[in-house]
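Next come the chains, spelled out residue by residue.
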Amino acid sequence: MLVVSCPICNKDVEWSEQSPCRPFCSKRCQLIDLGEWASGERAIPAEEDAPSESDDYE
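In this report, we go over the structure that sits alongside the text. Keep in mind that what you see is a predicted model, and the values were worked out from it rather than measured.

With respect to the element layout, E36 can be found in helix α1 (residues 27–39). A polar contact is formed between the side chain of E36 and the side chain of R42, at a distance of 2.5 Å. With near-sequence residues (within four places) excluded, E36 lies in contact with I8, E41 and R42.

On to the packing of aromatic side chains, then. Geometry of an aromatic ring pair is reported as the spacing of the ring centres plus the angle between the planes. Going through the model one piece at a time under the given rule, you end up with 0 aromatic pairs. Of note, R22 hangs over the ring of W15, and the distance from its end group to the ring centre comes to 5.6 Å.

Moving on: the environment of I8. With respect to the helices, strands and loops of the structure, I8 is situated in the loop between β1 (3–5) and β2 (12–14). Spatially, the C-alpha atom of I8 lies 7.7 Å from that of I32, the residues being 24 residues apart in sequence. The contact partners of I8, leaving out residues within four places of it in the chain, are F24, C29, I32, D33, E36 and R42.

Further remarks concern the environment of C29. Looking at where C29 falls in the secondary structure, it is placed in helix α1. In the structure, C29 is positioned 23 residues away from C6 in sequence and 7.9 Å away in space, judged by C-alpha atoms. The contacts of C29, once residues within four sequence positions are left out, are C6, I8, C9 and F24.

Tracing the sequence through the fold places S19 in the loop between β2 and α1. On the accessibility criterion, S19 (14% relative accessible area) is buried. Those residues in contact with S19 that sit more than four places away from it in its chain are V13 and E14.

About the cut-offs
Residues numbered from 1 in each chain as written. Predicted model: local features only at pLDDT ≥ 70, side-chain atom pairs only at ≥ 80, totals over all residues. Heavy atoms only, no water. Helix = DSSP H or I, 4+ residues; strand = E, 2+ residues; numbered from the N terminus. Polar contact = N/O pair within 3.5 Å; in protein donor to acceptor, adjacent residues only side chain to side chain. Contact = heavy atoms within 4.5 Å. Phe/Tyr/Trp six-rings, centres within 6.5 Å; stacked < 30°, edge-to-face > 60°. Lys NZ or Arg CZ within 6 Å of the ring centre and 35° of its normal. Buried < 20%, exposed > 50% of the residue type's maximum accessible area, 1.4 Å probe, protein only.

Listed below in structure tokens is the structure:
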């Protein structure tokens, strides 16, 4: 049995069909996470590409 930690409250969650909100422990934690992504509190970091010579249109 694989057990993971809920990303919001760190409660142990069994990774199985018995845990429909996995990796979250509950619908509440799932919605908290969704709200954080929607508000911009969470984001995947990205680096902007440096302009290349082909981007110069002059």
